[in-house]
Every structure is written in C-alpha cells, then in structure tokens.
Amino acid sequence: MAIALFQRLLQMIFVMFGISALVFLIFFATPGADPAARIAGRNAAQETVEAIRKDFGFDRPLPVQYAIMMKRLFVTQDLTSFVNRGLKVVPQVLSAAPITLSLVFGAAVLWVVGGVAVGVIAAMTRGTFIDRGLMVLALIGVSMPVFWFGEMMNLVSQSRFHDTWLFSWVPGLGYKPFSTDPWSWFKTLIIPWFTLAALYIGIYGRVLRANLVEAYQEDFIRTARAKGLGPMRVMLRHALRTSLIPFVTMFGLDFGVLVGGAALLTEVVFGLNGIGRLTYQALLNLDLPMILATVMYASFFVVVANAVVDMVYVLIDPRVRGV
C-alpha cells in the first residue's frame, strides 16, 4: 500500500511538471512573440519591458527561463502582475482559494448525498410513479443553466421575498470567512451550494440509477438474492458498492475542475471572488503571471482529486487491489 501511494505521488509530481512545462511553453515561448512585452501589458514603456526581460531572464536559455518562473511561483512566491501594477500573484490566489473551496466542498456534500438518494430510491422503485417523478426532477435539474437558476434564487431570496419569514435570514451577496463568523459563512453559502449542487444531483442521480439497474441483472445479485438476503442488504452491500465506481470517477473529475475555476458562473452570480472569477479577470487583462498561477492551481486540484479517486477505488472494489 505504501509503495502504491509513493508511486501515485511520483506520478502526480510528473504530471504537475508536465503541465507546468506545457503552460510555460504556450504562454512564454511562443515563436514570434515577446514574453516580456506580454507580461508588461498593453502600452507599457520600453524601459518596463526591458526591466521585465532582465528580471525574468527572458534573454537567457529556455530551461533557465522556466526555472526562474517556477522559482518565483513556488519558492520565493514573488511572481508579480505588471498589468495590475505590481500585485503579487500568489497571495491573490491564496486569498481566493478558500472561497472556491468553501463553495465547492459544500455543494459536493449536497450533490453526493442527493445523487445517491435519488439514484437508490429510483432504482428500488423502478417503473413506478416515484421513479419517473425523480427522473423528471433530475432532468429538470440538469437542464437548468446554473447562472439562470442562481439569478432566480437571488430574485427570490434577495429581493421579492427577502423580508418574509422564509428568507429574512439570508445575508447580502458576498463571502464571510469561516474563521471569523462560522454561522454567517454558512448562511452566505447555503443558497450558492444548493444552486451549484442542483445540476450535479440530477446528473449523478440518473447515472447511478442506470448503473444500479444494470447491476441488478448481474449473476452476483441473483446469487445474493438466492442466499435469502433482504432487498435493502442486496442494494447497499452488493449493487450500490459496484455501481459507485463510475460515480466516484465522475466525482473526482467534476470536483477537481470546479475547484480549479469552473464554478465561475456561480461565483459571479453570488458575488464570490474565488478562483474562477480571478481567472476570468486575468484573461480579460491578459495577465499572464496570474493566468499561469491559476492554471497551476487548477491542475493541482484535478491531479489530486484523481489520485484520491484511485485510492477510493481500492476501498470500494476489491477487484482493483491487485491491478
């Protein structure tokens, strides 16, 4: 087990190195483009461009340029955004990360619990009114654009019904740090959590139901029933366990991508200055150091999430332990 974990850690480091090299080459080593002028931004003085070229080592060989950039990003953490007048990149990412992590963690809890509940209930009541009703609700959840649903939730909770007993507890848009006021943190994020989770509850519920229905056709389920096991035990100990593998795979990919900035629309709708919003503003300003930092942050969480998924495979499916 320890060797497998060590091998997985080495793979993560190798993948991170590959991503960082690829991003660096695309952004800063494109033939015919001056990386110093790109970092300086539009209408920058020639003196500023020359200072950046010397500071970042763009007049030196490419491996040295890469080493200088990674050192400033991960070791000294003094990578500077010249578009935003000397703003340090790493502190900006570190201040935005807790907001995105809070949003995605809370939504993930809701969509995992909701997705499993919808999938299990629909599979156990297959062909009934309950099954069809849950699948229709899941399809509605999948079909609703998150920005539209978020705006509707804001319209209901922040405007029209805010003064009623139902939504009078809802605070204004924005983020309250958990460390300063946990209760305000929860109240601020509960509606964004539900908004972001609605889409994934629908997707995961439908996928899990399909996997469970397929699993019920397998021989090991018939064997379990022949042994006299009850319906609930057959579901939880046999069908659900094997059906969770695609569920876990999807969760690892979706969670990593959302933490990496794909929750942008939810952040914009609810006024949360997270990683997605930070990346969007960097793209608008063509702020290359900030884009590099946010891409590295996003790739880190995608790689880590998939590594965790690989480890969860071992726990839920004994067949992959020897692979």
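Up top you'll find the structure we're talking about.
Residues numbered from 1 in each chain as written. Predicted model: local features only at pLDDT ≥ 70, side-chain atom pairs only at ≥ 80, totals over all residues. Heavy atoms only, no water.

S.K.: Hey, could you run me through helix α6 (residues 129-143) in this one?
M.R.: Between its first and last C-alpha atoms α6 spans 21 Å; for 15 residues at 1.5 Å apiece the expected length is 21 Å, and the two agree. Restricting attention to buried positions, one finds in α6 the residues D131, M135, A138 and G141. End-on, the buried residues of α6 take up no more than an arc of 120°, which puts them together on one face. What points out from α6, more than 90 degrees from its buried face, is the exposed set F129, R132, L137 and S143. On its buried face, α6 sits against α5 (89-124) and α8 (182-215). (Helix = DSSP H or I, 4+ residues; strand = E, 2+ residues; numbered from the N terminus. Expected span 1.5 Å × (residues − 1). Buried < 20%, exposed > 50% of the residue type's maximum accessible area, 1.4 Å probe, protein only. Arc of directions from axis to C-beta. Contact = heavy atoms within 4.5 Å.)

S.K.: Explanation requested: the packing of aromatic side chains in the structure shown.
M.R.: Any two aromatic rings considered together are summarised by their centre-to-centre distance and by the angle between their planes. Overall, the coordinates contain 17 aromatic pairs when judged by the stated rule. Between F17 and Y66, the aromatic rings sit 6.0 Å apart at their centres with planes inclined by 90°, giving edge-to-face as the arrangement. One end of the pair, F17, is in helix α1 (residues 2-28); the other, Y66, is in helix α4 (residues 62-75), and 49 residues separate them in sequence. Consider the rings of F186 and W193, whose centres lie 5.7 Å apart with planes at 70°: the pair is edge-to-face. We classify W193 as buried; its relative accessible area is 7%. Within the aromatic cluster, the residues linked to one another by ring pairs are F105, W111, Y200, Y204, F247, F251 and F255. If you follow R72 out to its NZ or CZ, it ends over the ring of F56, 4.6 Å from the centre. (Phe/Tyr/Trp six-rings, centres within 6.5 Å; stacked < 30°, edge-to-face > 60°. Lys NZ or Arg CZ within 6 Å of the ring centre and 35° of its normal.)

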